[in-house]
Amino acid sequence: MSTLYDRIGEESILKLVDDFYAGVEKDEVIRKLYPEDLLQPKNRLKLFFIQALGGRQTYTDERGHPMLRRRHFQWKIGEKEATHWLKNMHAALEKASFPEKEKEEFWSYVYKAALHMINQ
Ligand code: HEM
């Protein structure tokens, strides 16, 4: 069985994260949580998705075990922040050119993950 990574392809994952951060950059609610320079966050999210969707494990080689919920404890993430994160991801996904079925699978994954990240 092919992984979501194989079916979406690395190029599309990279573009998705660039488009997502272009939205975050203009987001009045969550922009302030991120550092001024978005280069590192972009790179981390790219490597994380590559790994989480079934590609190479470079994220863990560089950052260790993801423990994403724990890593997000340092920011107050309520329903409002999660909604804004998801809104930007949805906009990026709408611009993406991979098939609808893979978009739905990816959306269902990030939707659940974003709710899981709520910590207040
Ligand atoms: C629910 C709303 C969310 C908010 C407000 C949020 C916010 C943030 C912020 C401010 C950072 C720090 C940027 C950096 O220095 O890299 C970050 C990092 C990160 N986020 Fe989120 N995030 C959310 C949800 C998610 C979800 C759903 C995922 C994955 C499915 C995710 C994956 C990551 C990853 C992989 C990193 C880099 C962690 C590291 O290696 O240090 N985030 N997030």
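What counts, and at which threshold
- Residues numbered from 1 in each chain as written.
- Predicted model: local features only at pLDDT ≥ 70, side-chain atom pairs only at ≥ 80, totals over all residues.
- Helix = DSSP H or I, 4+ residues; strand = E, 2+ residues; numbered from the N terminus.
- Rg over C-alpha atoms; globule rule 2.2 N^0.38 Å.
- Near = placed C-beta within 6 Å.
- Nonpolar A, V, L, I, M, F, W, Y, C, P; charged D, E, K, R; others polar.
- Expected span 1.5 Å × (residues − 1).
- Buried ≥ 20, exposed ≤ 12 C-beta atoms within 10 Å, placed from the backbone.
- Arc of directions from axis to C-beta.
- Core = buried A, V, L, I, M, F, W, Y, C linked by C-beta atoms within 7 Å.
- Contact = placed C-beta atoms within 7 Å.
- Axes fitted to C-alpha atoms, helices over the stretch in contact; angles between N-to-C directions.
- Parallel < 35°, antiparallel > 145°, perpendicular 65-115°, else oblique.
- Left-handed = near helix turned anticlockwise from the far one by under 90°.

**Student:** Teacher, can you tell me more about the overall build of the protein chain here?
**Tutor:** When its secondary structure is counted, the protein chain shows seven helices and zero strands. In the protein chain, the succession of helices and strands from N to C terminus is α-α-α-α-α-α-α. Against the compact-globule benchmark of 14 Å for 120 residues, the protein chain has a radius of gyration of 14 Å, which places it among compact chains. Projected onto its principal axes, the C-alpha coordinates of the protein chain cover approximately 40 × 30 × 25 Å.

**Student:** What am I meant to see in the site of the ligand here?
**Tutor:** In the vicinity of the ligand there are 22 residues, among which Leu-33, Pro-41, Phe-48, Trp-85 and Ala-113 approach most closely. Contributing elements (two or more residues each) for the shell around the ligand: α3 (39-52), α5 (68-71), α6 (79-95) and α7 (100-116). The element contributing the most residues to the shell around the ligand is α3, with five residues. Per-class residue counts for the shell around the ligand are 16 nonpolar, two polar and four charged.

**Student:** I tried to follow helix α2 (residues 10-25) on my own but got confused; where do I start?
**Tutor:** Owing to its 3.6 residues per turn, the α-helix aligns residues three or four sequence positions apart on the same side. Taking 1.5 Å of rise per residue, 16 residues should cover 22 Å, and α2 covers 23 Å from first to last C-alpha, within 8% of that figure. Those residues of α2 not exposed but buried are Ile-13, Leu-16, Val-17, Phe-20 and Val-24. The buried residues of α2 occupy an angular sector of 95° when projected down its axis, which confines them to one face. Opposite the buried face of α2, at more than 90 degrees from it, the exposed residues are Glu-11 and Glu-25.

**Student:** What's the story with the nonpolar core in this structure? I'm lost.
**Tutor:** Soluble globular proteins tend to pack their nonpolar side chains together in the buried interior. Core analysis: the biggest nonpolar cluster contains 13 residues, and Ile-13, Leu-16, Val-17, Phe-20, Phe-49 and Ile-50 have the highest contact counts within it. Mapped by element, the contributors of at least two residues to this core are α2, α3 and α6. Take this core: its biggest share by element is five residues, from α2. The residues touching Val-17, leaving out its near neighbours within four places in the chain, are Lys-42, Leu-45, Lys-46 and Phe-49.

**Student:** Whenever I open this one, the environment of Lys-103 confuses me. Can you help?
**Tutor:** Tracing the backbone shows Lys-103 in helix α7. Under the C-beta neighbour-count criterion, Lys-103 is labelled partly exposed, with 17 such atoms within 10 Å. Through-space distance from the C-alpha of Lys-103 to that of Gly-54 is 15 Å; in sequence the pair is 49 residues apart. Setting aside residues up to four positions removed in sequence, Lys-103 forms contacts with Leu-93, Ala-96 and Phe-98.

**Student:** Explain the packing of α2 against α3 here, please?
**Tutor:** If you want to describe how two helices pack, look at the angle between their axes and the distance between the axes. Contact geometry of α2 with α3 gives a least axis separation of 10 Å together with a crossing angle of 140°. Taken together, the axis directions place α2 and α3 in an arrangement best described as oblique. Note on packing geometry: the crossing formed by α2 with α3 is right-handed. Mapping the contact onto sequence places Glu-10, Ile-13, Leu-14, Val-17, Asp-18 and Tyr-21 in α2 and Pro-41, Lys-42, Leu-45, Lys-46, Phe-49 and Ile-50 in α3. Class assignment for the residues of the contact of α2 with α3 results in eight nonpolar, no polar and four charged.

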